[in-house]
Amino acid sequence: MSNRPTGRSTGRPGPGRARLALALAALLGGGALTALPAQAAPAAADGLSVQYRTSAGGATADQTEPWLKVRNTGSSPVQLSQVKVRYYFKADSPSDTYRFACSWAVRGCSVVTGTFGTLGNPTATADRYLEIGFTQAAGTLAPGADTGDLQLRFHRANWQTLRQSDDYSFNGAQTSYANWDKVTAQLAGATVWGAAPEGNDPTDPTDPTDPPGGGQSLFDDFDYSSHTDPAISAHGWNVRANSGGPGVPGATWDPSKVTFVSAGGNSVMNLETSTAGTGASTTHTEVLTRATKFRNGTYAARVKFSDAPKSGPDGDHLVQTFFTINDLKAPMADDYAEYDFEYLPNGGWGEPANILYTTSWETYNPEPWQAVNQHSEQRRSYAGWHDLVVTIDDSAITYYVDGQHFGTHDAQYLPERPMSINFNQWLIDLNGQTSTAPRAFDQQVDYVLHVKDQVLTPAQVAAKVAGYRNAGTGFVDEVPAT
């Protein structure tokens, strides 16, 4: 495959292409990785205070905007990943769900998390709470220091007006930062600041509406306004604009063709690829994490593949993908890794018709083409929505489609280095359709999930995603930087 990219999905071994066998000198022991490193308990002298202000002071608003600063009032550094702050409010209706967003933070929105929960003892001014946390990448807070601005907001999932004047933690008159004891702060599970609504000690066990427990996770339901939404970058994503492979020579990668639309009550990401039969008229799309920090664990996404273009003639050799990857440092470098779901609705790479590949890569050489990988395939249509799951532990790589086992690949293909998470849609070549009539193709993505160092079943993935959505959590990234 002469246009096989360096560090981009993907060129594919056909069934007649020989695969090279590489022997590893030693393999890691079997079994799922489930243990997470323990965190040290805080010193007894540790303490916190929380300052609050609001930038939306009306009795009603489109969204509530609690801005916070967390200060270390103790005598030793505080690990921010051990800090939880709760803002208490009354739901506008019992069935309402809410969405959290970080508009800006001094330490970066990518290290700030927000989840919703339901109080065990509702009061006249509170039956829900927003819990703010921090990932390990947030680092430490020195004695006497504060986090700086945490410009936070949340809204009803349907974007109807909400009433905040009856919320326990709201103070519309507080438009500059001041200590506020109607929010609580916990440090390593102990409440060290504030007073919760009566009968609701925040150290009580979390209620069933909180997201289910597990490893450090990345979750995104792609609730963005456009490819220029600043939250996309704040959440660690890059919408590709640079030139290069894979695919049709001369094609461009067009960020404006990444849009966000409603489908089935959820916001979904839409990747559009188009061509009029020439390289110059061809546009591809790709969205990927800027961080290469993902290795073992579970990866999942709900993706809509399409067999036919949304407009124009059919027949192009299209590739629709969900994959993880790191960079090839040299031809045949053995620390390269890539794990792909790739759907070809019109064939390509020697295939005459639709085919879904899953492929685990050890390494490759771009020129002359030489591939070391293992793949599984099904030759049938996969048009429509599909739940894609791949798990990587220290013994194998296992792929699932719609809860059914699709393929298991050998330990020799396990990753040696962390990877990024990617979605892209592109054309292999222009040989499948000779027309110069414009045509365009869509691939959609409902959500993406990664759980670090834990192998989940497809059912557990579905439960974890449902837990986030039921709690109104649209984005979280707890995965530490490498």
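Attention here is on the structure that accompanies the text. (Residues numbered from 1 in each chain as written. Predicted model: local features only at pLDDT ≥ 70, side-chain atom pairs only at ≥ 80, totals over all residues. Heavy atoms only, no water.)

Turning our eyes to something else, we now look at unusual backbone geometry. Following Gly245, the chain continues into Pro246 via a peptide bond in cis, with omega recorded as 5 degrees. If you trace the backbone, Pro246 turns up in the loop between strand 16 (237-239) and strand 17 (252-253). Look at the link from Glu367 to Pro368: it is a cis peptide, with omega at -10 degrees. Of note in the backbone geometry, Trp159 takes a positive phi value of approximately 65 degrees without being a glycine. Tracing the sequence through the fold places Trp159 in the loop between strand 10 (150-156) and strand 11 (162-163). Located in the positive-phi region is Phe222, a residue other than glycine, with phi close to 55 degrees. You can see Phe222 is positioned in the loop between strand 15 (217-220) and helix 1 (230-234). (Helix = DSSP H or I, 4+ residues; strand = E, 2+ residues; numbered from the N terminus.)

Taking strand neighbours across the sheet as the criterion, the five strands line up as 7-8-5-13-14 in an open arrangement whose pairing is antiparallel. In this open sheet, the two edge strands, each paired with only one partner strand, are strand 7 (112-118) and strand 14 (190-193). Sheet twist, expressed as the mean angle between neighbouring strand axes with direction ignored, is 30 degrees. (Pairing = 2+ DSSP bridges. Axes fitted to C-alpha atoms, helices over the stretch in contact; angles between N-to-C directions.)

It is worth spelling out the pairing of strand 29 (residues 420-427) at this point. Counting buried positions along strand 29 gives eight out of eight residues, so the element sits mostly inside the fold. Side-chain alternation along strand 29 places Ser420, Asn422, Asn424 and Trp426 on one buried face and Ile421, Phe423, Gln425 and Leu427 on a second face that is also buried. Here strand 20 (residues 283-289) runs beside strand 29; their pairing, made up of four bridges, is antiparallel. The residue of strand 29 that forms the bridge with Thr285 is Gln425. (Buried < 20%, exposed > 50% of the residue type's maximum accessible area, 1.4 Å probe, protein only.)

If you look at the biggest cluster of nonpolar residues, it comprises 42 residues, and the most contacted ones within it are Phe222, Met269, Phe322 and Phe423. If one sorts the elements of this core by residue count, strand 21 (residues 297-305) sits on top with four residues. Excluding anything up to four places from it in sequence, Phe222 contacts Trp237, Phe260, Ser267, Val268, Met269, Phe423, Val445, Asp446, Tyr447 and Val448. Of all hydrophobic cores here, the second largest spans 35 residues; its members include Tyr52, Val70, Val112 and Trp180. (Core = buried A, V, L, I, M, F, W, Y, C linked by side-chain atoms within 4.5 Å. Contact = heavy atoms within 4.5 Å.)

What follows deals with the sheet that holds strand 1 (residues 48-54). In space, the five strands of this open sheet follow the order 6-10-3-1-12, with antiparallel pairing throughout. In this open sheet, the two strands that pair with only one neighbour each are strand 6 (98-105) and strand 12 (178-179). One ladder, built from two bridges, connects strand 3 (residues 66-72) with strand 10; its direction is antiparallel. What sits directly across from Leu68, in strand 10, is Leu150.

Taken as a whole and judged by the stated rule, the model has 27 aromatic pairs. Geometrically, the ring pair formed by Phe89 and Phe116 is edge-to-face, given 6.1 Å between the ring centres and 85 degrees between the ring planes. A residue pair is termed long-range when its members are at least 10 positions apart, and Phe89 in strand 5 (residues 83-89) and Phe116 in strand 7 qualify at 27 residues. Just as Phe89 is buried, Phe116 falls in that class too. Measuring from ring centre to ring centre gives 6.3 Å for Phe219 and Tyr447, while their planes differ by 35 degrees; the resulting arrangement is tilted. (Phe/Tyr/Trp six-rings, centres within 6.5 Å; stacked < 30°, edge-to-face > 60°.)

The next point concerns the pattern of salt bridges. This model, assessed by the stated rule, comprises 19 salt bridges. In this structure, the salt-bridge partner of Asp221 is Arg99, at a minimum N-O distance of 3.1 Å. You can see Asp221 sitting in the loop between strand 15 and helix 1 and its partner Arg99 sitting in strand 6, a full 122 residues away along the chain. A relative accessible area of 3% means that Asp221 is categorised as buried. In this structure, the salt-bridge partner of Arg417 is Asp335, at a minimum N-O distance of 2.9 Å. Of this pair, Arg417 sits in the loop between strand 28 (404-409) and strand 29 while Asp335 sits in the loop between strand 22 (318-325) and strand 23 (338-344); the two residues are 82 residues apart in sequence, bridging distant segments of the chain. Among the ionic contacts, a cluster of salt bridges with common partners joins Lys257, Glu272, Lys310 and Asp442. (Salt bridge = Lys/Arg side-chain N within 4 Å of Asp/Glu carboxyl O.)

So, on to the environment of Arg295. In this fold, Arg295 is placed in the loop between strand 20 and strand 21. Each C-alpha atom of the pair Arg295 and Asp453 lies 7.8 Å from the other, and the pair is 158 residues apart in sequence. For Arg295, the contacting residues outside a window of four places in its chain are Ile392, Pro415, Glu416, Arg417, Pro418, Met419 and His450. Within the structure, Arg295 has its side chain in polar contact with the backbone oxygen of Glu416 (distance 3.4 Å). (Polar contact = N/O pair within 3.5 Å; in protein donor to acceptor, adjacent residues only side chain to side chain.)

The next subject is the environment of Val83. Mapping Val83 onto the fold places it in strand 5. With relative accessibility at 0%, the residue Val83 sits in the buried group. Expressed as a C-alpha distance, the spacing of Val83 and Val70, which sit 13 residues apart in the sequence, is 9.1 Å. Beyond its immediate sequence surroundings of up to four residues, Val83 is in contact with Leu48, Val70, Val78, Ile132, Gly133, Phe134, Gln186 and Leu187.

Counted under the stated rule, the structure contains one disulfide. Two residues share a disulfide in this structure: Cys102 and Cys109, whose sulfurs sit 2.1 Å from each other. As the torsion about the S-S bond is roughly -70 degrees, the Cys102-Cys109 disulfide counts as left-handed. Here Cys102 and Cys109 have matching classes, each one buried. (Disulfide = S-S within 2.5 Å.)

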